[in-house]
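Architecture and fold: a report
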Amino acid sequence: MQDQAPDDDADPIRRVLAGDRDAFGLLVARHGRRVHDLARRMLRDASEADDAVQQAFLNAFRALDRFDPQRPFRHWILRITTNLCRNRLAARRLHPGARGTAPDEIDPTHLRVAPPSPVREGDDDPQGGERVRAALESLPDTYRLAAVLRYVHGLSVEDIAEVADEPLGTVKTHLFRARAALAVLLAPIERGSQHRGPAAAHRGGGEAGDETRRPASGTKG
Amino acid sequence: MDARPPLPDDLLPDPSAEAPSAENTARLEALLRGEELLPVPVGLLSRVRDAVKDAPPAPFERHLGADAPNLRAAPSALSSRGRSVAQRVAAAVLVAVGAALTFAGVEPVAAAGETLREAGVPTELGLSPRPVVADAVVRPFTDGWSRAWEQPPDMAALAQVPASVPGGPLTLASLSLALLGSGLGLAWRARGRRASSPSSLSHPPAPSSSSPTGGPA
């Protein structure tokens, strides 16, 4: 995942600030998938993630004159999304009957006994990508945020600290603990990938393109 | 025994005792980096674009004026803020004129009094032109009223005032009160419009002014 150069976003931002709302569509097109991914993985609920994406871009639009053009727009919109997701997760904890599952209600052992996903023809690792995604979703919110931004979005530790609005040391700790938990959760896949080689281990990401094929993970509300 | 399900942290209670080797870490990270962005639901981004297009004017757009190419606000001679200011000014003028005519006895009242005097109506009503205006500097205008109380108006003479006399006391009082009332009504409407300006019910709340990114609740 390459960083979007700030200059690429500078032009549409200037146009939006000059009153051209259509130019905001460029920003939505460029960063929408990333924003959706973060919201979806943080909230673990498709419809709530859609709401969060829309609200994140609306908030960014309204506050665009306060955006620092020296910083990447991508980090700014991810930070808005992160805070929206945090608010929604906090609201869930206050109302446990609502959508989603609170982090401390997750049983990580569920991942080990998860029923196998439907096998796609020609797929020699049908459960790999599914389990990586499920393992990420099973992490506590803070670890999940760090891990998703680091490994899925490819942000540096410094960028994660900026997006999450947390000290660098805290981010490193979250990443370390997330890795330790993921090492256990994904141990069977890792062992399998040792036999099949790295290509098989990487293939899990390609499956993410088919949303309907994936059953809901045990942690999803 | 604790029935509560363990957190992932509990899976590795002591990371230093079971720290993954560099090789394992590299393999794990490679596995995680293979995870791609989730697909965006069909139509989500276009819905977001439409929501932004239909959103009420952002704070920075309110200063753009008519030059902005795609503003949602309908063209108008005055902006909503300008209309509100104009309405308040008009209300203030109407109230001031109405109050002056009603209570102060300024020139229009004096002129009306002169008309009455020419028509033969006694001027002890407090509508006398010169004395009221001249004495206003040294005496409060209520003196005129007190004199009027002391010397009740000659109602019979008043009744003989021809209806066509311009600025008759009833016409004048009605006009004054009408102006005062319309001014107060306009001020009330302007206040009501400001109170019922677009609410946040139909749109998600904007980020706080202190932090555009919003913050955890």
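Bear in mind the structure is a predicted one, so any value in this text is a computation, not a measurement.

**Points about the packing of aromatic side chains**
On inspection of all chains with the given rule, the structure shows 6 aromatic pairs over all chains. The interplanar angle of 75 degrees and the centroid separation of 5.8 Å between the aromatic rings of Phe61 of chain A and Phe60 of chain B together place this pair among those described as edge-to-face. Of the two residues, Phe61 of chain A sits in helix H3 (residues 46-62) while Phe60 of chain B sits in the loop between helix H3 (44-54) and helix H4 (80-104), which places them in two different chains. On the basis of relative accessibility, which here comes to 0%, the residue Phe61 of chain A falls in the buried class. Exposure remark for Phe60 of chain B: the relative accessible area of 7% places this residue in the buried category. Geometrically, the ring pair formed by Phe73 of chain A and Trp76 of chain A is tilted, given 5.9 Å between the ring centres and 55 degrees between the ring planes. With a gap of 3 residues between them, Phe73 of chain A and Trp76 of chain A both fall in helix H4 (residues 73-94), about one helical turn apart.

**Observations concerning helix H9 (residues 168-185) of chain A**
Along an α-helix, a turn takes 3.6 residues, which lines up residues three or four apart on a common side. If you check H9 of chain A, its first and last C-alpha atoms are 25 Å apart, about what 18 residues at 1.5 Å a residue would give, namely 26 Å. If you check which residues of H9 of chain A are buried, you get Val171, His174, Leu175, Ala178, Arg179, Ala180, Ala181, Leu182, Ala183 and Leu185 of chain A.

**Considering the pattern of salt bridges**
With the rule as written, the count across this model stands at 19 salt bridges over all chains. Here Asp22 of chain A makes a salt bridge to Lys53 of chain B, at a shortest N to O gap of 3.4 Å. A residue pair is termed interchain when its members come from two chains, as with Asp22 of chain A in the loop between helix H1 (6-17) and helix H2 (24-43) and Lys53 of chain B in helix H3. Judged by its relative accessible area of 40%, Asp22 of chain A is partly exposed. One salt bridge connects Arg88 of chain A with Glu48 of chain A, and the closest N-O pair in it is separated by 3.7 Å. Remark: Glu48 of chain A occurs in helix H3 and Arg88 of chain A occurs in helix H4; sequence separation between them is 40 residues. Taken individually, Arg88 of chain A and Glu48 of chain A each receive the classification buried, so the pair is uniform in this respect. One connected set of salt bridges, linked through shared partners, spans Asp11, Arg15 and Asp20 of chain A.

**Some remarks on the confidence of the model for chain A**
Residues and elements named next belong to chain A. Per-residue confidence for chain A gives a mean pLDDT of 77; residues scoring 70 or more make up 67%. The low-confidence segment residues 100-124, where pLDDT is below 50, has 51 contacts with residues more than four positions distant or belonging to other chains. Counting interchain partners and residues more than four positions distant, the pLDDT-below-50 stretch residues 196-221 has 60 contacts.

**Overview of the nonpolar core**
Grouped together as the largest cluster of nonpolar side chains are 68 residues, with contacts concentrated most on Phe24 and Leu182 of chain A. The contacts of Phe24 of chain A, once residues within four sequence positions are left out, are Val16, Phe57, Ala60 and Phe61 of chain A together with Val52 of chain B.

About the cut-offs
- Sequence order as written defines the numbering, with residues in each chain counted from 1.
- Labels are handed out in written order, letters beginning with A for the chains and numbers beginning with 1 for the ligands.
- The predicted nature of this model means local features are confined to residues of pLDDT at least 70 and side-chain atom pairs, given and counted, to a pLDDT of 80 or more, with totals for whole chains, interfaces and linings taken over all residues.
- To obtain the side-chain values, all non-hydrogen atoms of the structure were used and water was disregarded.
- Between 30 and 60 degrees the pair is tilted, below 30 it is stacked and above 60 it is edge-to-face, where a pair is any two Phe, Tyr or Trp rings, Trp via its six-membered ring, whose centres lie within 6.5 Å.
- Working definition: helices are DSSP H or I runs of at least four residues, strands are E runs of at least two. Numbering for both runs from the N terminus.
- Burial status follows relative accessibility: with a 1.4 Å probe on protein chains alone, a residue under 20% of its type maximum counts as buried, one over 50% as exposed, and anything between as partly exposed.
- A helix is expected to span 1.5 Å multiplied by its residue count minus one.
- A pairing counts as a salt bridge when a side-chain nitrogen of Lys or Arg comes within 4 Å of a carboxyl oxygen of Asp or Glu.
- Predictor confidence is given residue by residue as pLDDT, running from a minimum of 0 to a maximum of 100.
- We call two residues contacting when some pair of their heavy atoms lies within 4.5 Å.
- Here, the term nonpolar core denotes a set of buried Ala, Val, Leu, Ile, Met, Phe, Trp, Tyr and Cys residues that are joined through side-chain atoms within 4.5 Å.

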